[in-house]
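A closer look at the structure
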Amino acid sequence: RKEVEQDPGPFNVPEGATVAFNCTYSNSASQSFFWYRQDCRKEPKLLMSVYSSGNEDGRFTAQLNRASQYISLLIRDSKLSDSATYLCVVNQAGTALIFGKGTTLSVSS
Amino acid sequence: DAGVTQSPTHLIKTRGQQVTLRCSPKSGHDTVSWYQQALGQGPQFIFQYYEEEERQRGNFPDRFSGHQFPNYSSELNVNALLLGDSALYLCASSSLGGRRGTAPHFGNGTRLTVT
């Protein structure tokens, strides 16, 4: 089983749609969780950290379920500019980031 | 405040050659990690440096080596290049040994092509 697994995608949605990405991780000792966004041929950029209580940043909501080892990202009111690859990332304290393969989102007008 | 900077941006090498990639961490960061990202894949961890020591290493052969300098900058060296080494190489920096909750920042990456 891979350490971090994401929905295969790609997700093709119209502007204004709500889209959800799911991610599972295998190491129960993981302590930190993030969603990164990566545009084509660019470096990953931090979208948001993920906390057990859930957190929201504008149109983006992240949830963590430690018991199920499951992380989600919800994007409401999708914009054309949201088109990118979304990477689910986990790590233990002070260790390397473990990335999922990423899920590609394409928002069309 | 400069972010993470990497050089060069692009590089073309032939099989068997050696390459050195460079990274300067974000101001205030002391930990540097290197990742390899092949097309269509997520970044794969190569190794991490803190206090000039390799602290953790991923599943990469000894052909991949690195160094961290007193100013926290870092180099990644790859010897005996293979075609499969063609990828985007990303450097990420973080603070205080990458302690829990600190989200690393990435540089723009170096795109290496091996022919």
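Just above, that's the structure.
These remarks concern the structure in this document. None of these values were measured; they are calculated from a predicted model.

1. Focus on empty space enclosed by the protein
- Within the structure shown, the criterion is met by one cavity of 30 Å³ or more.
- Volume-wise, the largest cavity comes out at about 70 Å³.
- Along its surface, the largest cavity is lined by 13 residues, and T95(A), S33(B), Q48(B), S94(B) and P104(B) are the ones closest to its centre.
- The set of elements that each furnish at least two residues to the lining of the largest cavity consists of β4 (31-37) and β9 (87-94) of chain B.
- Per-element tally for the lining of the largest cavity: the top contributor is β9(B), with three residues.

2. Side note on the nonpolar core
All names here are of chain A.
- Formed by 23 residues in total, the largest nonpolar core has its most connected members in F21, W35, I71, L73, I75, Y86 and L105.
- When contributions to this core are tallied by element, the ones reaching two or more residues are β3 (19-25), β4 (32-38), β7 (60-65), β8 (70-75), β9 (84-91) and β11 (103-108).
- In contact with L73, not counting residues within four places along its chain, are V19, A20, F21, W35, L47, M48, F60, T61 and Y86.

3. Some points on the packing of aromatic side chains
- Taken as a whole, this structure holds 12 aromatic pairs over all chains when the rule is applied.
- When the centroid spacing of 6.1 Å and the interplanar angle of 55 degrees are considered together, the rings of Y36(A) and F99(A) count as tilted. Here the residue Y36(A) occupies a position in strand β4, and F99(A) occupies one in strand β10 (residues 98-99), the gap between them amounting to 63 residues. When sorted by exposure, Y36(A) lands in the same class as F99(A), which is buried.
- Through pairs of rings, three or more aromatic residues link up here, namely F34(A), Y36(A), F99(A), Y35(B), F45(B) and F106(B).

4. Observations regarding the interface of chain A and chain B
- Across the boundary between the two partners, chain A contributes 20 residues, which contact 24 residues of chain B.
- Our count for the chain A to chain B interface comes out at zero salt bridges.
- Summed over the shared surface of chain A and chain B, the number is four residue pairs in polar contact (both at pLDDT 80 or more).
- Partitioning the side of chain A that touches chain B into residue classes produces nine nonpolar, six polar and five charged.

What counts as what
Residues numbered from 1 in each chain as written. Chains lettered and ligands numbered in written order. Predicted model: local features only at pLDDT ≥ 70, side-chain atom pairs only at ≥ 80, totals over all residues. Heavy atoms only, no water. 1 Å grid on protein atoms, 1.4 Å probe; cavity = no way out; pocket = protein on both sides within 12 Å on 5 of 7 lines; lining within 4 Å. Points joined across faces, edges and corners; volume = space filled by probe spheres on them. Helix = DSSP H or I, 4+ residues; strand = E, 2+ residues; numbered from the N terminus. Core = buried A, V, L, I, M, F, W, Y, C linked by side-chain atoms within 4.5 Å. Buried < 20%, exposed > 50% of the residue type's maximum accessible area, 1.4 Å probe, protein only. Contact = heavy atoms within 4.5 Å. Phe/Tyr/Trp six-rings, centres within 6.5 Å; stacked < 30°, edge-to-face > 60°. Salt bridge = Lys/Arg side-chain N within 4 Å of Asp/Glu carboxyl O. Polar contact = N/O pair within 3.5 Å; in protein donor to acceptor, adjacent residues only side chain to side chain. Nonpolar A, V, L, I, M, F, W, Y, C, P; charged D, E, K, R; others polar.

Remember, this is a structural readout, not a statement about activity or role.
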